[in-house]
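Here is what each chain is made of, one letter per residue.
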Amino acid sequence: MMVVVRLKAGVEKMKWIPKDIETFLGAKEYIDTAIIPIYSVSLGDEMKDSAARHEFITLLTGYLERQFTGRILLFPPYTYLKNEKNENTMNELKKWEENIKNSEIKHIFFITSEFEWKSQEEKLNGSLIWLPSIPLEHMDETQKVSIIDSQVKQLVNLFTEKWHKND
């Protein structure tokens with residue numbers, strides 16, 4: 001059984017904005033999970049694909065954050081230039097991970113549609129979740145919500161499995 005703690009009436013999100021961070025600081029003992037979206041920015045021929053991956057991951061992490069309000073904190077995305085991804089990119093992401101761990105957050109989930117990150121997964125202590133991007137640009141809002149909701153339902157099981165395994 002999963003228990004989602006509601007911090008106080010009216011709290012619908014836990015994002016990287018001052019009001020939510022204030023709530024986080026007051027209820028830190030309940031919020032044990034960080035979600036960090038990973039995006040690449042591409043220019044030129046890959047620009048549209050880059051924007052599509054960004055839209056997909058942004059919607060997905062937003063829905064995840066609402067699903068687990070009171071348990072997770074959605075961090076700003078880790079963004080890098082795709083044509084400059086190298087060891088420095090991984091080192092910077094590992095610095096994020098180290099700082100988050102030092103703040104007593106026990107679980108870190110990195111979420112991306114960038115397939116290249118799968119080969120780097122073992123270098124991270126947190127959980128890397130790679131999802132192929134679903135092109136949403138020609139869908140109406142109802143279709144988008146349905147697709148994202150379906151993806152989130154699958155991730156709920158993954159999150160709860162990781163939480164039980166690591167607690």
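A short tour of the structure in this document, coming up. (Residues numbered from 1 in each chain as written. Predicted model: local features only at pLDDT ≥ 70, side-chain atom pairs only at ≥ 80, totals over all residues. Heavy atoms only, no water.)

1. Overview of the environment of Pro 76
Okay, step 1: Within the fold, Pro 76 resides in the loop between strand S2 (72-74) and strand S3 (78-81).
Okay, step 2: On the basis of relative accessible area, Pro 76 is assigned to the partly exposed category, the value being 27%.
Okay, step 3: Sequence spacing of Pro 76 and Pro 37 is 39 residues, and the spatial spacing of their C-alpha atoms is 7.2 Å.
Okay, step 4: In contact with Pro 76, other than residues within four places in its own chain, are Trp 16, Ile 36, Pro 37 and Trp 96. (Helix = DSSP H or I, 4+ residues; strand = E, 2+ residues; numbered from the N terminus. Buried < 20%, exposed > 50% of the residue type's maximum accessible area, 1.4 Å probe, protein only. Contact = heavy atoms within 4.5 Å.)

2. As for the packing of aromatic side chains
Okay, step 1: All chains considered together, the criterion is met by eight aromatic pairs.
Okay, step 2: Judged by centre distance (5.4 Å) and plane angle (85°), the rings of Tyr 78 and Trp 96 are edge-to-face. Taken together, the residues Tyr 78 in strand S3 and Trp 96 in helix H3 (residues 87-102) connect sequence positions 18 residues apart.
Okay, step 3: The partly exposed category is assigned to Trp 96, whose relative accessible area is 28%.
Okay, step 4: Consider the rings of Phe 109 and Phe 159, whose centres lie 3.9 Å apart with planes at 10°: the pair is stacked. Of the two residues, Phe 109 is situated in strand S4 (residues 107-112) and Phe 159 in helix H4 (residues 141-166); the sequence distance between them amounts to 50 residues. When sorted by exposure, Phe 109 lands in the same class as Phe 159, which is buried.
Okay, step 5: By way of ring pairs, the aromatic residues Phe 68, Phe 109, Phe 159 and Trp 163 are connected into one cluster.
Okay, step 6: We note Arg 66 situated over the ring of Tyr 63; from NZ or CZ to the ring centre the distance is 4.6 Å.
Okay, step 7: Cation over ring: Arg 71 sits above Trp 163, and NZ or CZ is 3.7 Å from the ring centre. (Phe/Tyr/Trp six-rings, centres within 6.5 Å; stacked < 30°, edge-to-face > 60°. Lys NZ or Arg CZ within 6 Å of the ring centre and 35° of its normal.)

3. Quick notes on the side chain of Ser 42
Okay, step 1: When you line up the elements, Ser 42 lands in the loop between strand S1 (33-41) and helix H2 (47-67).
Okay, step 2: In contact with Ser 42, not counting residues within four places along its chain, are Met 47, Ser 50, Arg 53 and Lys 82.

4. Brief notes about the side chain of Lys 144
Okay, step 1: Position of Lys 144 among the secondary structure elements: in helix H4.
Okay, step 2: Beyond its immediate stretch of four places on either side in the chain, Lys 144 contacts Glu 55, Leu 59, Leu 136 and Met 139.

5. Observations regarding a nonpolar patch on the surface
Okay, step 1: Taken together, Val 41, Leu 43, Met 47 and Leu 81 make up a surface patch of nonpolar side chains, about 360 Å² in accessible area.
Okay, step 2: Relative to the helices and strands, Leu 81 is located in strand S3. (Patch = residues over 30% accessible without salt bridge, like charges linked within 9 Å, V, L, I, M, F, W, Y side chains within 5 Å. Areas by Shrake-Rupley, 256 points an atom, 1.4 Å probe, with all protein chains shown as cover. Salt bridge = Lys/Arg side-chain N within 4 Å of Asp/Glu carboxyl O.)

6. Some remarks on the pattern of salt bridges
Okay, step 1: Enumeration according to the criterion identifies 11 salt bridges in this entry.
Okay, step 2: Lys 123 is the salt-bridge partner of Glu 87, the closest N and O atoms lying 3.6 Å from each other. Here Glu 87, found in helix H3, pairs with Lys 123, found in the loop between S4 and strand S5 (127-130); they are 36 residues apart in sequence, far enough to count as distant.
Okay, step 3: The class for Glu 87 is partly exposed, based on a relative accessible area of 44%.
Okay, step 4: In this structure, the salt-bridge partner of Asp 149 is Lys 153, at a minimum N-O distance of 3.3 Å. Here the residue Asp 149 and the residue Lys 153 both occupy positions in helix H4, the gap between them amounting to four residues, near one helical turn.

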